[in-house]
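# Observations on the model geometry
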Amino acid sequence: MNYTFSNRMSTMRGSAIREIFKYAADPSVISLAGGNPAPELFPAADLGDIATEYLHNEPVLSLQYGVTEGYTPLRDAIKERLKRVENIGTDNDELIVVSGGQQGIELVTKCLINEGDTVIVEEPSFIGATNAFRSYNAHLAGVPVEEDGMNLAALEKVIAENKNVKMIYTIPTFQNPMGVTMSVEKRRALYEIAKKNNILILEDNPYGELTFDGVKTPTIKSMDTEGIVMYSGSFSKILAPGLRLGFLCAPREIVAKAVIGKQISDVHTAMLPQLLAHAYLTRFDIDALIVKMRANYAHKCATMLSAMDAYFPKDIFYTKPRGGLFIWCDLGHNLDTGVLAKKAIEKKVVYVPGSTFMVDMAKPTSTLRLNYSTMSDEKITEGIRRLGEVFGEAISG
Ligand SMILES: Cc1ncc(COP(=O)(O)O)c(C=O)c1O
């Protein structure tokens, strides 16, 4: 049989990151590639106790169908936390629980983007989002990212040059893949640009809580007086990604449409993870857990940066994140990090080539993403030492 796939899926390729995971599964390989949280931070014993309790005491609630909007006590707990921690949520907003932040992004796209509409993305950006936009045949327009966030002059140029610009997708805090954070000034200016041009903003913030120094930058959603910002959140990096739990806080009309979109996708998010998250938020100290996470990642990031200072050739550029899970490098010298990734694999180290995160994924680039959250200090240091050798040899030709 010759299968003819839909136009929607025919151009889609599996994520390079998933491909790299095949190597990363080999325990002798040092993986600086994925974006997994540190497993030692999962509150597994507490979640196990809560799961047992619910399955024994509330079997119907745990196992019966739920409502598409999400388990109401969980929605209320998330709303309360969002208001307290991020100053998000007006009378005009509503919140839907989704099966991971990824689903929130997909639902927004499904509800708002027609084929050929332009979605502006940071370049580089998160491949799960860019692929969601691609799968609805959106036209992607990239805006370069600087150490304080999007280049706003380039953004205005892209808006002027593209038709049907519907949405700007941004990860302003501890960006994936660059690790950088958009300044407050740029956030305000971005909001004004979007408002002036009648463009919606999708603010994706799965890493915002993972600030190393405790400093938090105000979210763009907290500045929203016009109902133009949709905010995507996730429990993946503050609880556990396997729970597949996230939320979308957006103007009521958009959430009402997303509810219909979600009914078509998966009816509702699985009840047991919602009950676990609700119990964890209300009966346990999630803030204490987040403090532990911040310290763990701050330490690992510092370990990686000092190994890079020691072992990388001197003229390689890299970001110095204040939170999140990623460091971004630019080797320069017209090198192709896609080619060098194969040399790195020979030395049993994996990273993600920068092309993965670009609008044109086929174009070679000298950039790459490194992750520090899952490996031990020793492996981080040894992995960077080996990469330093690969990059040094490539630069000296
Ligand atoms: C920027 C960004 N947004 C959204 C997600 C999706 O997270 P999840 O679907 O696990 O909530 C990720 C995951 O890595 C991410 O990096």
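The coordinates are above.
Before going into details, it helps to say that this report is about the structure given with it. (Residues numbered from 1 in each chain as written. Predicted model: local features only at pLDDT ≥ 70, side-chain atom pairs only at ≥ 80, totals over all residues. Heavy atoms only, no water.)

## Here we look at the overall build of the protein chain
We count it as follows: Secondary structure follows DSSP: runs of H or I at least 4 residues long count as helices, runs of E at least 2 residues long count as strands, and numbering of each begins at the N terminus. All radius of gyration figures rest on C-alpha atoms, and the globule criterion is 2.2 Å times the number of residues raised to 0.38. Partly exposed residues are those whose accessible area sits between 20% and 50% of the maximum for their type, while under 20% is buried and over 50% is exposed, using a 1.4 Å probe and protein chains only. Residue contacts are defined here by distance: any two heavy atoms, one from each residue, within 4.5 Å place the two residues in contact.
Scanning the protein chain from terminus to terminus reveals 14 helices and 14 strands. By the compact-globule yardstick of 21 Å for 397 residues, the protein chain fits well, its C-alpha radius of gyration being 21 Å. Scored against the burial criterion, the 397 residues of the protein chain give a buried share of 56%. Across the protein chain, every contact between residues at least 6 apart in sequence was considered, and the portion connecting residues at least 24 apart equals 76%.

## Describing the site of the ligand
The test is simple: Any residue with a heavy atom lying within 4 Å of a molecule or strand is counted as near it. Under this definition, polar contacts are N or O atom pairs within 3.5 Å; protein pairs additionally need one hydrogen-donor-capable and one acceptor-capable atom, and for neighbouring residues in sequence, both atoms have to be side-chain atoms.
Close contacts around the ligand come from 14 residues, with Gly-101, Asp-204, Tyr-207, Ser-234 and Ser-236 the closest. Here Asp-204 contributes a side-chain N or O atom positioned 2.5 Å from a nitrogen atom of the ligand. Here an oxygen atom of the ligand and a side-chain polar atom of Lys-237 are 3.2 Å apart.

## Re the state of the cysteines
Here is the rule: Count a disulfide wherever a pair of cysteine sulfur atoms falls within 2.5 Å.
Counted according to the given criterion, the structure contains 0 disulfides. With no disulfide of its own, Cys-301 lies 11 Å from the sulfur of Cys-329, the closest cysteine sulfur. Classification of Cys-329 by relative accessible area gives buried; the value is 0%.

## Considering a nonpolar patch on the surface
Operational definition: Each patch is built from residues that are more than 30% exposed by relative accessible area and take part in no salt bridge. Like charges join if they lie within 9 Å; nonpolar side chains (Val, Leu, Ile, Met, Phe, Trp, Tyr) join within 5 Å. Areas reported here follow the Shrake-Rupley algorithm with a probe of radius 1.4 Å; residue values treat only the protein chains shown as occluding. In the sections that follow, a salt bridge refers to a side-chain nitrogen of Lys or Arg positioned within 4 Å of a carboxyl oxygen of Asp or Glu.
Taken together, the side chains of Met-1, Tyr-3, Phe-5 and Met-9 make up a nonpolar region of the molecular surface, amounting to roughly 580 Å² of accessible area. Tracing the chain through its elements places Phe-5 in the segment before helix H1 (7-10).

## Focus: helix H6 (residues 101-112)
Put simply, the rule is: Helix span is expected to be 1.5 Å times the residue number reduced by one.
With 12 residues, H6 ought to run about 16 Å at 1.5 Å a step, and its terminal C-alpha atoms sit 17 Å apart, in line with that. For H6, every residue scored as buried is listed here: Gly-101, Gln-103, Gly-104, Ile-105, Leu-107, Val-108, Thr-109 and Leu-112.

## So, the nonpolar core
Test applied: As used here, the term nonpolar core means buried Ala, Val, Leu, Ile, Met, Phe, Trp, Tyr and Cys residues forming a set that is joined through side-chain atoms within 4.5 Å. Residue ranges labeled as domains rest on an automatic or database domain assignment.
Core analysis: the largest hydrophobic core is formed by 68 residues, its most contacted members being Met-308, Phe-312, Leu-370 and Phe-391. Considering every element that reaches this core, the biggest residue donor is helix H12 (residues 286-311), with 10 residues. Counting only domains with at least three residues in this core, you end up with domain 1 (7-43 + 288-396) and domain 2 (64-283). When near neighbours in sequence (up to four residues on either side) are disregarded, Phe-391 contacts Phe-312, Pro-313, Ile-316, Leu-331, Leu-340, Tyr-351 and Leu-368. Phe-133, Leu-155, Met-167 and Met-182 belong to the second-largest nonpolar core, a separate cluster that totals 47 residues.

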